[in-house]
Amino acid sequence: MRLSERSSHVEQSHIRSMTRACNAINGINMAQGVCDLEVPREVIEGAYAAMNEGINIYTPTEGLPRLRSAIATKMKQFYEVEIAPEQVLVSDGATGAFYTACMALLNPLDEVILFEPYYGYHRSTLTSLGAVPTYVRLEAPEWKLDMEALEAVVTPKTRAMVICNPANPSGKVYTRTELEMIGLFAEKHDLIVFADEMYEHFLYGDAVHITALSIPSLKERCVVLSGFSKVFSITGWRLGYAIAPVSVIEAMAQLNDLIYVCAPAPLQIGAAVGLERLGDDYYTELARIHEHKRDLFCDALRDAGLTPSIPMGAYYVMTDVSRVAGNDDFEKAMAILERTGVASVPGRAFYHDDAGKNMVRFCYSKPLSVLEEAAERIRRL
Ligand SMILES: Cc1ncc(COP(=O)(O)O)c(C=O)c1O
């Protein structure tokens, strides 16, 4: 059968081939981002109790009121941001929330600015809907915002931009000043800002998370995306959300209904219970554990003569691998896998051109013993 043009826009071939090659040698897969800490008891028990209590049928497509309220309360508690529960749409992961938001707000041929290196799903979601990504490169190791480059890429067709904060794959955490500059820029060109804040709790050193919703010029023009996959280690539960003005949420809800109907009912209660019961110490510990893992693995990369860009947030590290044999990122990633048994993602997965040719990305959200073994092997590279 002839496939649609759309299906040719969504391949992740190199990530898949790395995973296959890694599995074939029973290696350590640091290519894929699966947060593997234990799920908090509160979250599991909340979902289990909900199932027993009969919360097993469709929910409103926007999500259960209890979860929408818990998300609104969380925004107040963490960021002093006041939102109404009606501004929240619960979807099938942040992935579903982003897809729904793009469906509701973009037309084919609308241009959307992505910062490079980007998260592949952002690009694929846009292209699958006929939107046209344009690119502004941030340079390692600082990934500093370049306002001139941003201005240079705007055209009359530019409708939106995406910021990933903290960023996958670079680990960049945007400062308030940077977000304010983005806010003024978005205002000047009348752009929507999709702010993917999936890793909001994964912060290192003195990094702080500034949500786009706390920037006055962004408040009415941003769609914030986040979810529970990473923070509660429930990537398979498929629970995420968007926060946007009510009129946008209403439009998104129609599309969410069409695609997903609703997010899993009892699991929504599990996430709500997690938000309601887990204290600050849970989130601090999560960041502390990942900071330790970041340091452990980045030290090993440095010892191996590679040049990691030290992430300030999220749990990935982009590393320069110029010194590894191979003609490009894929060959270099394969060489690392062959020599150490550790899989990474070839850098071009995060760029629209060859800029990632000398880079790979490792995900260090692995059990400590596995990470220690991976670090030991990388040192021998
Ligand atoms: C930046 C970013 N956004 C969203 C997601 C996916 O989130 P979810 O599991 O809620 O769909 C990921 C997962 O890797 C991610 O890295």
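Residues numbered from 1 in each chain as written. Predicted model: local features only at pLDDT ≥ 70, side-chain atom pairs only at ≥ 80, totals over all residues. Heavy atoms only, no water.

> Which parts of the structure should I look at to understand the side chain of Thr340?
Within the secondary structure, Thr340 sits in helix α12 (residues 329-340). Within the structure, Thr340 has its side chain in polar contact with the backbone nitrogen of Val342 (distance 3.1 Å). Here Thr340 is in contact with Arg377, Ile378 and Leu381, once residues within four sequence places are set aside. (Helix = DSSP H or I, 4+ residues; strand = E, 2+ residues; numbered from the N terminus. Polar contact = N/O pair within 3.5 Å; in protein donor to acceptor, adjacent residues only side chain to side chain. Contact = heavy atoms within 4.5 Å.)

> Teacher, can you tell me more about the packing of helix α4 (residues 93-105) against helix α9 (residues 246-259) here?
Axes are the key here: two packed helices are described by the angle between their axes and the distance separating the axes. Interaxial distance between α4 and α9 falls to 9 Å at its minimum, and their mutual angle equals 115°. The two elements α4 and α9 cross, and the hand of that crossing is right-handed. Note on element contacts: α9 touches α4 through Val248, Ala251, Met252, Leu255, Asn256 and Ile259, opposite Ala97, Tyr99, Thr100, Ala101, Met103, Ala104 and Leu105. Partitioning the contact of α4 with α9 into residue classes produces eleven nonpolar, two polar and no charged. (Axes fitted to C-alpha atoms, helices over the stretch in contact; angles between N-to-C directions. Left-handed = near helix turned anticlockwise from the far one by under 90°. Nonpolar A, V, L, I, M, F, W, Y, C, P; charged D, E, K, R; others polar.)

> Help me understand the pattern of salt bridges, please; the structure alone is not making it clear to me.
Proximity of charged atoms lets side chains of opposite charge pair with each other. A complete count under the given rule lists 22 salt bridges for this structure. Here Lys76 and Glu80 are joined by a salt bridge, their closest N and O atoms 3.3 Å apart. In this structure Glu80 comes out as exposed when scored by relative accessible area, which is 60%. In this structure, the salt-bridge partner of Arg294 is Glu291, at a minimum N-O distance of 3.6 Å. With Arg294 and Glu291 both in helix α11 (residues 280-303), this residue pair falls three residues apart, about one helical turn. Here the residues in one salt-bridge network are Asp328, Asp329, Arg348 and Asp354, joined through shared partners. (Salt bridge = Lys/Arg side-chain N within 4 Å of Asp/Glu carboxyl O. Buried < 20%, exposed > 50% of the residue type's maximum accessible area, 1.4 Å probe, protein only.)

> What am I meant to see in the nonpolar core here?
Across soluble globular proteins, nonpolar side chains have a tendency to be buried as a group. Phe115, Phe228, Phe232, Phe297 and Phe362 are the most contacted members of the largest nonpolar core, which totals 100 residues. Structurally, this core is a two-domain feature, drawing no fewer than three residues from each of domain 1 (6-39 + 281-379) and domain 2 (44-277). Ranked by size, the runner-up nonpolar core spans 25 residues in total, among them Leu89, Leu105, Ala160 and Val223. (Core = buried A, V, L, I, M, F, W, Y, C linked by side-chain atoms within 4.5 Å. Domains from an automatic or database assignment.)

> Looking at this model, I keep getting lost on the environment of Leu381. Mind explaining?
Among the structural elements, Leu381 can be located in the segment after α13 (368-379). Separated by 81 residues in the primary sequence, Leu381 and Ala300 have C-alpha atoms spaced 9.9 Å apart. Once residues within four sequence positions are removed from consideration, Leu381 is found in contact with Ala304, Leu306, Arg323, Val324, Ile336, Arg339 and Thr340.

> Looking at this structure, I do not really get the site of the ligand. What am I missing?
Taken together, 13 residues sit near the ligand, with Ala94, Thr95, Asp196, Tyr199 and Ser229 positioned nearest. Here an oxygen atom of the ligand and a side-chain polar atom of Thr95 are 2.5 Å apart. A total of 390 Å² of accessible area belongs to the ligand in isolation, and the protein chains cover 92% of it. In terms of residue count, the dominant contributor to the shell around the ligand is α4 (three residues). (Near = heavy atom within 4 Å. Areas by Shrake-Rupley, 256 points an atom, 1.4 Å probe, with all protein chains shown as cover.)

> Looking at this structure, I do not really get the domain arrangement of the chain. What am I missing?
By a frequent convention, interface size equals the accessible area lost on bringing the separate parts together. Split into domains, the chain comes out as domain 1 (6-39 + 281-379) and domain 2 (44-277). With centres defined by C-alpha atoms, the gap from domain 1 to domain 2 works out at 24 Å. Contacts between the two partners involve 33 residues from domain 1 and, on the opposite side, 38 residues from domain 2. When the two sides are added together, the surface that domain 1 and domain 2 hide from each other amounts to roughly 3,100 Å², 59% of it contributed by carbon and sulfur. (Buried area = accessible area lost by both parts, 1.4 Å probe.)

> Help me out: how do you make sense of helix α10 (residues 265-277) in this one?
An α-helical turn contains 3.6 residues, so a residue and the one three or four places further along point in the same direction. The terminal C-alpha atoms of α10 lie 19 Å apart, and with 13 residues this matches the ideal 18 Å at 1.5 Å per residue to within 8%. Among all positions in α10, only Ala265, Pro266, Leu267, Gln268, Ile269, Gly270, Ala271, Ala272, Val273, Gly274 and Leu275 are buried. (Expected span 1.5 Å × (residues − 1).)

> What am I meant to see in the pairing of strand β4 (residues 132-137) here?
Along any regular strand the residues' side chains alternate between the sheet's two faces. Where strand β3 (residues 111-116) meets β4, six bridges bridge the pair, whose relative direction is parallel. Within β4, the position partnered with Leu114 by the bridge is Tyr135. Between the parallel pair β3 and β4, the chain is carried across by helix α5 (residues 120-128), and the sense of this crossover is right-handed. (Pairing = 2+ DSSP bridges. Right-handed = clockwise from strand over helix to strand, strands pointing away.)

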